[in-house]
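# Survey of secondary and tertiary structure
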Amino acid sequence: MASCKKAFLIDDDPVFSAVASVLLKSIGVAEVFQVSNNEAEIRQVAKIASSSDLVLLGLNMSGIDGLAVLRILASEKLKAFVSISSSETGAIRDAAARL
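### Remarks on the pattern of salt bridges
In total, this model carries 4 salt bridges according to the counting rule given. Between Asp53 and Lys6 there is a salt bridge, with its nearest N and O atoms 3.6 Å apart. Linking Asp53 in the loop between α2 (39–48) and β3 (54–58) with Lys6 in strand β1 (residues 6–10), this pair joins segments that are 47 residues apart in sequence. Overall, the relative accessible area of 1% leaves Asp53 in the buried class.

### Brief notes about the nonpolar core
Grouped together as the largest cluster of nonpolar side chains are 19 residues, with contacts concentrated most on Ile10, Ile42, Val55, Leu57, Val69, Leu73 and Leu78. Elements represented by at least two residues in this core include exactly β1, α2, β3 and α3 (66–75). Among the elements that take part in this core, α3 stands out by supplying 5 residues, more than any other. Dropping the residues within four chain positions of it, Leu78 is found in contact with Val45, Ala46, Ala49, Val55 and Leu73. In this structure, Leu9, Leu24, Leu54 and Leu56 belong to the second largest nonpolar core, which totals 9 residues.

Parameters at a glance
Residues numbered from 1 in each chain as written. Predicted model: local features only at pLDDT ≥ 70, side-chain atom pairs only at ≥ 80, totals over all residues. Heavy atoms only, no water. Salt bridge = Lys/Arg side-chain N within 4 Å of Asp/Glu carboxyl O. Helix = DSSP H or I, 4+ residues; strand = E, 2+ residues; numbered from the N terminus. Buried < 20%, exposed > 50% of the residue type's maximum accessible area, 1.4 Å probe, protein only. Core = buried A, V, L, I, M, F, W, Y, C linked by side-chain atoms within 4.5 Å. Contact = heavy atoms within 4.5 Å.

Printed below as a string of structure tokens:
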């Protein structure tokens, strides 16, 4: 992870986002961006994220949920790594993995 230059946090939980931001910075991620879960911002992330970047995604969000976010990122040909953070059931996590 030390080679990760940027991380994009897409989650509507402000406590999780704050903790994740501090953790990522503590392991050497240069820039951490908190992204709201609206379609325009998500599409912008897909356009600017490089193959050495990370997207940390929550699945259970109000508005656009995590599965919809994954579909948007895939349609925009996201090059970054995606890490999913979720307490959802196995079926939901499996659906996310298939995307």
